[in-house]
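# Structural overview
Here are the chains, one letter per residue:
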Amino acid sequence: MNDNQAAYYFHQGTNFNAYEYLGCNLEVRDGIYHYSFRTWAPHAEKVELVSDVYGWSSPYPLERVTDMGVWECIIKSREPLEKCAYKFRITANGRIFDKGDPYARFSRGLADGASLIFTSREFVWDDEAWLKARKKSIAAKKGNYLSVPLNIDEVPPGSCMRHEDDNSYYTYREIADVLVPYLKFMGYTHVEFLPLAEFPYDGSWGYQVCGFYAPTSRYGTPDDFRYMINEFHKNGIGVIMDWVPAHFPKDAWGLYEFDGAPLYEYQGKDRQESRSWGTRFFDLGREEVQSFLISNAMYFFREFHIDGLRVDAVASMLYLDYDRDPGEWVPNAYGTNLNLEAEAFLRKLNLTVFSEI
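A brief structural summary. Note on numbering: residues in each chain are counted from 1, in written sequence order. Where totals are concerned, whole chains, interfaces and linings use all residues; where local detail is concerned, this predicted model gives features only for residues with pLDDT of at least 70, and gives and counts side-chain atom pairs only at 80 or more. Water and hydrogen atoms play no part in the side-chain values, which are based on all heavy atoms of the structure.

### Quick notes on the overall build of the protein
Helix and strand definitions here come from DSSP, where helices need a minimum of 4 consecutive H or I residues and strands a minimum of 2 consecutive E residues; each element is numbered from the N-terminal end. Looking only at helices and strands, the protein features 9 helices and 17 strands. For the protein, whose C-alpha radius of gyration is 21 Å, the value lies close to the compact-globule estimate of 21 Å for 357 residues. Across its three principal directions, the C-alpha atoms of the protein cover 60 × 60 × 45 Å. With a 1.4 Å probe rolled over the protein chains alone, any residue whose accessible area is under 20% of its type maximum counts as buried; one over 50% counts as exposed, and the rest are partly exposed. The burial tally for the protein puts 54% of its 357 residues in the buried class. Accessible surface area values rest on a Shrake-Rupley calculation with a 1.4 Å probe, where residue burial reflects the displayed protein chains alone. Of the roughly 16200 Å² that the protein leaves accessible, carbon and sulfur atoms contribute 51%. Separation between the mean location of the 37 positive side-chain charges and that of the 52 negative ones in the protein comes to 3 Å. When we talk radius of gyration, it's over C-alpha atoms, and the globule rule is simply 2.2 Å times the number of residues to the 0.38. Counting rule applied: Lys, Arg positive; Asp, Glu negative; His and chain ends not counted. By convention, charge coordinates are those of NZ in Lys, CZ in Arg, CG in Asp, or CD in Glu.

Set out below in structure tokens:
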């Protein structure tokens, strides 16, 4: 689809390839690298790109290109800009602050959170046999949810896989080398990883995500992540990812009040924040948030060949009184505690996934 169509469907909540429109994308024309940078920030008065390209003290302006708040700039270069760092500098309500790209495919993560340009198409997959076998023997069938049993090993790589000499992380490639023979010996059909999207705080085990499209840089690059999944598949092992579409933390570089006001999160205080986790709940009724989240799920299926998602914290999405005392929540139109927007979102998610995978 062209840019006008992509923007229209994004704002309608039906662009499930939103990462091909927003974020940083590359087109090479006549030997010149054209990098498009787009972000959604309807409350912003000004959006600028700060980066390694022009310098962090030399902001490059973005132009507002949709009435509903998409901003855009095009950077041209004679050389590739892979792994250059950048952020969006946003001016809103008298404040100026820097944010990581919500659609960044690679990130420095941790407290810094700078996004990294990653448009590489160099990785060559070698898992065709697995994908064919998966579609034939594991995929859901009419009247039968799964046609074969699954035996799943849940793995938190950051806490259970460290080098003994210096306590450093195993890389994605090392994880594959170690886990493949173990899983085969133990008879597991699948490995389920705790969340691997970029997150700042190790103590969260990945459940407080800031970079939803960026496999965490703790263990390597997105292509290293592809290598790991490819190795599992070549050895007949499926890969399931923990996925966190319910909430996100309040780290400064993340989605929290992205353009100076609640945007990805609910507006009302009765739904906005988790008392127990100190995180913000996604506004699942907002069309652009639906495009963001469902595109994110499809991104990992399409770009990384994962085999399934374990959706985290579904109860917190579905129930208006979750983590709320009496009087702190507002019933739906039918007088019950069911979040009708979340229910519709999950139906939309499942329909999209099962129609394609």
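### Some thoughts on the environment of E79
Following the sequence through the fold, E79 ends up in the loop between β6 (70-77) and β7 (85-92). When the C-alpha atoms of E79 and I32 are compared, they prove to be 7.6 Å apart, with 47 residues separating the residues in sequence.

### Quick word on the pattern of salt bridges
Opposite charge on two side chains permits pairing when their charged atoms draw close. For this analysis, a salt bridge means a side-chain nitrogen from Lys or Arg found within 4 Å of a carboxyl oxygen belonging to Asp or Glu. The tally for this structure, following the rule as stated, stands at 25 salt bridges. Across the pair D242 and R310 runs a salt bridge, and its minimum N-O distance is 2.8 Å. Pair noted here: D242 is in strand β14 (residues 238-243) and R310 is in strand β17 (residues 308-311), with a separation of 68 residues, a long-range link. Close ionic contact of R275 with E328 constitutes a salt bridge, the shortest N to O distance being 2.5 Å. Here E328 lies in the loop between α8 (314-318) and α9 (340-356) and R275 lies in the loop between α6 (269-272) and β16 (280-281), a separation of 53 residues in the sequence.

### What about the environment of E343?
Note that E343 resides in helix α9. On the basis of relative accessibility, which here comes to 27%, the residue E343 falls in the partly exposed class. When the C-alpha atoms of E343 and V314 are compared, they prove to be 9.8 Å apart, with 29 residues separating the residues in sequence. Here, residues are in contact when the closest pair of their heavy atoms is within 4.5 Å. When near neighbours in sequence (up to four residues on either side) are disregarded, E343 contacts L318 and L338.

### Describing the sheet that holds β17
A pair of strands is labelled paired if DSSP reports no fewer than 2 bridges between them. The sheet built from 4 strands is open, its strands ordered β10-β11-β14-β17 with parallel pairing. Looking at strand neighbours, the two that pair on one side only are β10 (152-155) and β17, the edges of this open sheet. On average, each strand axis in the sheet is inclined to that of its neighbour by 25°, with strand direction left out of account. With 4 bridges joining them, strand β11 (residues 190-193) and β14 adopt parallel strand pairing. Paired with H190 across the strands is G238, a residue of β14. Geometry is summarised by axes, namely lines fitted to C-alpha atoms with helices restricted to the contacting stretch, and by angles between N-to-C directions that run from 0 to 180 degrees. The sheet contacts of helix α5 (residues 222-234) involve β11 and β14, and relative to β14 the element is tilted by about 135°.

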